[in-house]
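Residue-level structural notes
Each chain, written out:
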2 protein chains.
Amino acid sequence: MTREIVLAARPEGEPRESDFELRELEDAAPSDGEVLVRNVFVSVDPYMRGRMTGVRTYVAGYDVGDPIDGGAVGRVVESRAEQFAPGDWVVSQLGWREQGVVAANRLRKVDTTLGPPSTALGMLGMPAFTAWIGLLEIGRVEAGETIYVSGAAGAVGSAAAQIAKLKGLHVIGSAGTPEKVEWLRSLGVDAFDYRQSRPRDALADGIDVYFDNVGGEQLEAALSALRTHGRVIACGAISRYNDARAEPGPRNLFLMVTKRLRLQGFIIFDHNARFPEFLAEVAPWVREGKLQYRETIVDGIENVPSAFAGLFHGENVGKILVRVGPDD
Amino acid sequence: MTREIVLAARPEGEPRESDFELRELEDAAPSDGEVLVRNVFVSVDPYMRGRMTGVRTYVAGYDVGDPIDGGAVGRVVESRAEQFAPGDWVVSQLGWREQGVVAANRLRKVDTTLGPPSTALGMLGMPAFTAWIGLLEIGRVEAGETIYVSGAAGAVGSAAAQIAKLKGLHVIGSAGTPEKVEWLRSLGVDAFDYRQSRPRDALADGIDVYFDNVGGEQLEAALSALRTHGRVIACGAISRYNDARAEPGPRNLFLMVTKRLRLQGFIIFDHNARFPEFLAEVAPWVREGKLQYRETIVDGIENVPSAFAGLFHGENVGKILVRVGPDD
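These numbers come from a predicted model, not from an experiment. (Residues numbered from 1 in each chain as written. Chains lettered and ligands numbered in written order. Predicted model: local features only at pLDDT ≥ 70, side-chain atom pairs only at ≥ 80, totals over all residues.)

So, on to the nonpolar core. With 206 residues, the main nonpolar core has Ala-222 of chain A together with Ala-222 of chain B as its most contacted residues. For Ala-222 of chain B, the contacting residues outside a window of four places in its chain are Tyr-148, Leu-203, Ile-207, Tyr-210, Asp-212 and Val-232 of chain B. (Core = buried A, V, L, I, M, F, W, Y, C linked by C-beta atoms within 7 Å. Buried ≥ 20, exposed ≤ 12 C-beta atoms within 10 Å, placed from the backbone. Contact = placed C-beta atoms within 7 Å.)

Written out as structure tokens, the structure reads:
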């Protein structure tokens, strides 16, 4: 028997533990071309909230009764595909389950010489890849520019802030606790606590690029602070995912014209072809300690829903992971 | 003696005639390198409203007591620069005056074999150049796509709609009177009257690009209608120029992320280097009748303020010009 988390009800507003249910099911066995994977770490990500609403977005939504697909790292238990052998570390979209059968072509092998396997869901995985694509391809940042990263202590934000610094930018970052601000300052980020200071004050000297993980008031403040030809890298809007109804947008969007701004959204899955290039650039930085990461690790599959809910309270520093099985 | 219009007071809300004043002044004479130009047609443009607020934008604001600079076409009266001779048609930024002295390097000679001189302020001038740059460089439109142009019967909009058609796009356009809609339909534009139909209904089949001359509700409707990888060419927001205070932005701006949208503002003056290329492509279309234009011509410099105010009531079809002197 194995266990998984399914969607029990569509969340209204903030997700609650009662929106999810732990279910037991029979073990499955792989067919030809398939692999049985035992998850070790599963990821909880803000974008999953959108998939729970029942509104079609860029990925299929979860229906009530569905298991929650998503990023997970685990080990091969049994392989009927020649590319994989028992014991291999792999990244899958198995999501919030203890184990499952996956087609071999939907798995990516993890090179554990680059970093601990958990980093395949963080600084060497989707969140940091999102930061890298956002900076380079969407924002086209240049050395000497000033960037503002909101949610800068989160999984994507902490990667964006540090990669921007490594690319020669001056980085301003916001976070919601003194502990996070202190960590960011130790990384050379000009950090402020958005619960203590107003973004418009922190950005008073102007910015060239805004890496938006948050939306809402921070976007409005950033639009005011952006210089001519500024860019907004629209990565997500965690302040908005739980809104029951759409809130008004920034009152100063017209600045887009007078300041010749470019606002651009993106979805990382469109850019998967560049993942090897990302890894080639970023893995050495992680190995050399130039890119720091923090992980918040919660134990037990039964605690996935509360870890997910915690995302929306700004509880996590860095990447939040749930360990659902032994990591050896 | 000659006459000019000066700003008498900063408009609050919609501009009124009492915000302007007609002033008489002595004739000036050109020095070396300068040219005395007698205006024939002067332009009234929505962007001028922004320059009257006293807020710094992309061009210097007008101060109270200042003459109103802006696009004008006229004839050389006296030249102390070898590139110009009496009788030449020229475009200047002399604005709302009967005549003035201009440095030769700030004049552009008009080739009157391409079209009547008035078109140098419309279909062969800044408005159509704005449309062309917006479509090609900002929106990067492609044949087969569907574009929505708001304010499609205006000077910029009617150029955008027709150039888009010539580039192989399906064009939806909005305007505010039955007469304008009829004209647009005669041009092959799928036109609707936004005072009769809701944009969201007119755009129900989806669009790839939105050429925004209007802002406000139309932008919100367009964001909803845009397909994945859609673009917004942010050219101006005539619905907003007179707002005393900033109104909230679109409630659905978050769609930028899920639909990977790009919203980009631009100012035509940044692109002046491409003007000859524009003229080379567009002038033959005008000559061959593939690009139609309408002009609303008002007579007398004393009527410039009312013509300007009329812009914000959607009174004009095509380009609105004021004739301030004889055109022969």
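What follows is about the relation of the copies chain A and chain B. With an RMSD of 0.0 Å, the operation that places chain A on chain B is a rotation of 180 degrees combined with a shift of 0.0 Å along the axis. On the angle and the small slide along the axis, the relation comes out as a two-fold axis. The position closest to the rotation axis in chain A is occupied by the C-alpha of Gly-249 of chain A, lying 2.0 Å away. An overlap of 100% is found between the interface residues of chain A and their copies at the interface of chain B, pointing to a shared contact surface. (Least-squares fit on C-alpha atoms with pLDDT ≥ 70 in both.)

It is worth spelling out the sheet that holds strand 8 (residues 146-149) of chain A at this point. Strand order in the open sheet made by the 12 strands is 10(A)-9(A)-8(A)-11(A)-12(A)-13(A)-13(B)-12(B)-11(B)-8(B)-9(B)-10(B), with mixed pairing throughout. Since the sheet does not close on itself, it has two edges, and those belong to strand 10 (190-193) of chain A together with strand 10 (190-193) of chain B, each with one partner. If you compare each strand with its neighbour and ignore which way they point, the axes differ by 15 degrees on average. The pairing of strand 8 of chain A with strand 9 (residues 170-175) of chain A spans 4 bridges and is classified as parallel. Its bridge partner lying in strand 9 of chain A, Val-149 of chain A is registered against Gly-173 of chain A. Helix 4 (residues 178-186) of chain B rests against strand 9 (170-175) and strand 10 of chain B of the sheet, and its axis sits at about 175 degrees to strand 10 of chain B. (Pairing = 2+ DSSP bridges. Helix = DSSP H or I, 4+ residues; strand = E, 2+ residues; numbered from the N terminus. Axes fitted to C-alpha atoms, helices over the stretch in contact; angles between N-to-C directions.)

Residues and elements named next belong to chain B. The buried fraction of strand 4 (residues 72-79) is high, at 6 of 8 residues. Two elements, strand 3 (residues 34-43) and strand 4, share 7 bridges in a ladder whose sense is antiparallel. By the bridge assignment, Phe-41 is partnered in strand 4 with Val-73. In the sheet, strand 4 pairs with strand 5 (residues 89-92) via 4 bridges, with the strands oriented antiparallel. Bridge pairing in strand 5 links Arg-75 to Trp-89.

Even without being a glycine, Arg-260 of chain A presents a positive backbone phi close to 50 degrees. When you line up the elements, Arg-260 of chain A lands in the loop between helix 7 (255-258) and strand 13 (262-265). Residue Arg-260 of chain A is classed as buried on the basis of its 20 C-beta neighbours within 10 Å. A positive phi angle, close to 45 degrees, is found at Arg-140 of chain B, a residue other than glycine. Summarising the element assignment, Arg-140 of chain B is placed in the loop between helix 2 (126-138) and strand 8 (146-149).

Turning our eyes to something else, we now look at the packing of helix 2 (residues 126-138) of chain A against helix 8 (residues 275-287) of chain A. Relative orientation and spacing of two packed helices are given, respectively, by the angle between their axes and the distance between those axes. Residues and elements named next belong to chain A. At their nearest, the axes of helix 2 and helix 8 sit 10 Å apart, and the two run at 95 degrees to each other. Between helix 2 and helix 8, the angle falls in the class roughly perpendicular. Counting all contacts with helix 2, which are made through Ala-128, Phe-129 and Trp-132, the residues of helix 8 involved are Phe-275, Phe-278 and Val-282. When the residues that make up the contact of helix 2 with helix 8 are grouped by side-chain class, the tally is 6 nonpolar, no polar and no charged. (Parallel < 35°, antiparallel > 145°, perpendicular 65-115°, else oblique. Nonpolar A, V, L, I, M, F, W, Y, C, P; charged D, E, K, R; others polar.)

Note that Ala-29 of chain A resides in the loop between strand 2 (20-25) and strand 3 (34-43). Spatially, the C-alpha atoms of Ala-29 of chain A and Val-298 of chain A are 28 Å apart, while their sequence positions differ by 269 residues.

This next bit is on the interface of chain A and chain B. On the side of chain B, 30 residues touch chain A, which itself brings 30 residues to the contact. Put simply, the parts of the chain that give the side of chain A that touches chain B at least two residues each are helix 7 and strand 13 of chain A. For the side of chain A that touches chain B, a count of residues per class yields 15 nonpolar, 8 polar and 7 charged. In this sheet, strand 13 (residues 262-265) of chain B lies alongside strand 13 of chain A in antiparallel orientation, the contact comprising 3 bridges. Each bridged residue has a counterpart across the sheet, and for Leu-263 of chain A the counterpart in strand 13 of chain B is Leu-263 of chain B.

All names here are of chain B. In terms of residue burial, helix 2 counts as a mostly covered element, since 11 of its 13 residues are buried. Next to the buried residues of helix 2 lie helix 3 (155-166), strand 11 (207-212), strand 12 (226-234), strand 13, helix 8 (275-287) and strand 15 (319-323). Positive phi appears at Arg-140, one or two residues downstream of helix 2, with a value of about 45 degrees.

Let us look at the domain arrangement of chain A. All names here are of chain A. Domains assigned within chain A are domain 1 (2-121 + 294-323) and domain 2 (126-269). Centre-to-centre, using C-alpha coordinates, domain 1 lies 28 Å away from domain 2. Taken together, the 16 residues of domain 1 in the interface contact 17 residues of domain 2. The leading source of residues in the side of domain 1 that touches domain 2 is helix 1 (residues 47-51), at 3 residues. Its residues assigned to classes, the side of domain 1 that touches domain 2 comprises 5 nonpolar, 6 polar and 5 charged. (Domains from an automatic or database assignment.)

Moving on, we come to the environment of Ala-191 of chain B. Residues and elements named next belong to chain B. Mapped onto the elements of the fold, Ala-191 is located in strand 10. With 24 C-beta atoms packed within 10 Å, Ala-191 lands in the buried category. Sequence separation of Ala-191 and Ser-118 is 73 residues, and the distance between their C-alpha atoms is 26 Å. Apart from the residues within four sequence positions on either side, Ala-191 is in contact with Ala-152, Gly-173, Ala-175, Val-181, Leu-184 and Arg-185.

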